[in-house]
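The residues making up each chain are set out below.
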Amino acid sequence: MDTIETRLSRVDGAGGTLLYRGIPVEEVARSGRLQDVLALLWHDREALGDEGLGEARTWAAGQLPRVAGALQARDGMVALRGAVAQLEDPTDVQTVAAVGVFGAAWLRGQAVGPDPALPHGQDLLRMAVDGASEAGGRAFGQYLGVVADHGTNASTFAARVVASTGSDSVSAVVAAIG
């Protein structure tokens, strides 16, 4: 029984399928580029370049000095929630980039500057893990595409509830982080 209708995605647990706008997620994620998934979910179209993710990662890296205290938390979710909560009026693309950049900085224990020319997943893995391979980055990009939306799982539901109140997108993302 569906409790919330959405055109974005459909999870059929019994059938073992996840569809993004009617397209099997395996097809959508095949490119390994998160921007392809975001363009489909947000705009119902193919990606135009990197959708601004490279520039947004650079912007997010510039926010690291402001959120450094939050990233000192021992628990990664506490660190991420605290850092993202400090963002002031970012675009949606900047918010996506900030979550990745902040997570990478926390995981590695230090900030590594982004390479805006790389696909999002590949760059995040490079920032998070020393010696990350191109194949690993592509696989990480595919993973990000697969988990970009899951209909009404707990975190997506929390974000939708907060967004439905008219609150800002940062608050919705922080609620989703939990």
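The structure under discussion appears in the preceding block.
All residue numbers refer to position in the chain's written sequence, counted from 1. Reporting of local features is limited, given that this is a predicted model, to residues whose pLDDT is at least 70; pairs of side-chain atoms are given and counted only at 80 or more, and all residues count toward the totals for whole chains, interfaces and linings. Side-chain metrics rest on all non-hydrogen atoms present in the structure, leaving aside hydrogens and water.

A look at the pairing of strand β1 (residues 9–12)
Stated formally: Any two strands are treated as partners once DSSP identifies two or more bridges connecting them. Going along the chain from the N terminus, every DSSP run of H or I of four or more residues is numbered as a helix, and every run of E of two or more is numbered as a strand.
Sheet analysis places β1 next to strand β2 (residues 17–20), joined by four bridges and oriented antiparallel. Following the sheet pairing, S9 is matched in β2 by Y20. Between the end of β1 and the start of β2, which pair antiparallel, lie four residues, with G16 showing a positive phi angle near 70°.

Focus: the packing of helix α3 (residues 53–67) against helix α5 (residues 92–108)
In plain terms, the rule: Lines fitted to C-alpha atoms define the axes here, with helix axes fitted over just the stretch in contact, and angles between the N-to-C directions of these axes take values from 0 to 180 degrees. Roughly parallel here means an angle under 35 degrees, roughly antiparallel means over 145, roughly perpendicular means 65 to 115, and every remaining angle is called oblique. Crossings are assigned a handedness: left-handed for a near helix turned anticlockwise from the far helix by less than a right angle, right-handed for a clockwise turn. In this analysis, two residues are considered to be in contact whenever any of their non-hydrogen atoms come within 4.5 Å of each other.
The contact between α3 and α5 brings their axes to 8 Å, and the two run at 55°. The orientation of α3 with respect to α5, classified from their angle, is oblique. The crossing of α3 and α5 is right-handed. Facing α3, whose interface residues are L53, A56, R57, W59, A60, A61, Q63, L64 and V67, α5 presents V93, Q94, V96, A97, A98, V101, F102 and A105.

Quick word on the pairing of β2
This is how the line gets drawn: Any residue under 20% of the maximum accessible area for its type is buried, any over 50% is exposed, and the rest in between are partly exposed; the area is computed with a 1.4 Å probe on protein chains only.
What you see with β2 is a clean split: L18 and Y20 sit on the buried side and T17 and L19 on the side with no burial. Bridge analysis of β2 against strand β3 (residues 23–24) gives two bridges, and the strand direction is antiparallel. Paired with Y20 across the strands is I23, a residue of β3. Counting the residues between successive antiparallel strands, the hairpin from β2 to β3 contains two residues, one of them, R21, with a positive phi of roughly 50°.

Quick notes on the sheet that holds β3
Reading across from one edge, β1-β2-β3 is the order of the three strands in this open sheet, with antiparallel pairing throughout. Across the chains shown, the open sheet's two edge strands, defined by having one partner strand only, are β1 and β3.

Quick notes on unusual backbone geometry
The general pattern is negative phi for most residues beyond glycine and trans for most peptide bonds. Even without glycine at this site, R21 takes up a positive phi of about 50°. Mapped onto the elements, R21 comes out in the loop between β2 and β3. Positive phi values are uncommon outside glycine, yet D89 reaches one of about 55°. Among the structural elements, D89 can be located in the loop between α4 (76–84) and α5.

A word on the side chain of D123
In plain terms, the rule: Any pair of N or O atoms that falls within 3.5 Å is considered a polar contact. Within protein, one atom must be able to donate a hydrogen and the other to accept it, and sequence-neighbouring residues count only if both atoms are side-chain atoms.
Looking at the secondary structure, you find D123 in helix α6 (residues 120–128). On the basis of relative accessible area, D123 is assigned to the buried category, the value being 0%. Looking at D123, its side chain comes within polar contact range of the main-chain nitrogen of D115, at 2.9 Å. Apart from the residues lying within four places of it in its own chain, the contact partners of D123 are R57, P114, D115, P116 and L118.

Things to note about the nonpolar core
The condition that has to hold: Take the buried Ala, Val, Leu, Ile, Met, Phe, Trp, Tyr and Cys residues and link them wherever side-chain atoms come within 4.5 Å; each set so joined is a nonpolar core.
Judged by nonpolar contacts, the single largest core of 35 residues is most densely connected at Y20, L64, L71, V84, V101 and F102. When contributions to this core are tallied by element, the ones reaching two or more residues are β2, α1 (25–29), α2 (34–43), α3, α4, α5, α6 and α9 (169–177). Per-element accounting of this core gives the leading share, seven residues, to α5. Sequence-distant contacts of L71, that is, excluding residues within four places in its chain, are made with L64, A79, A83, F102, A105 and W106.

Regarding the side chain of R21
Here the side chain of R21 touches L41 through a polar contact of 2.8 Å, landing on its backbone oxygen. Contact partners of R21, with chain neighbours within four places excluded, come to R7, L8, L40, L41, W42 and D44.

Comments concerning helix α7 (residues 134–146)
Let me state the cut-off plainly: Given the number of residues in a helix, its expected span is that number minus one, multiplied by 1.5 Å. Starting at the helix axis, one direction is taken to each C-beta atom, and the arc is that of these directions.
With 13 residues, α7 extends 19 Å from end C-alpha to end C-alpha; this agrees with the ideal 18 Å at 1.5 Å per step. Where α7 is concerned, the buried positions are G137, G141, L144 and G145. In an axial view of α7, the angular spread of the buried residues amounts to 100°, which keeps them on one side of the axis. Residues of α7 that are buried make contact with β2, α1, α2 and α6.

Bear in mind that shape data such as this cannot, by itself, settle questions of function.
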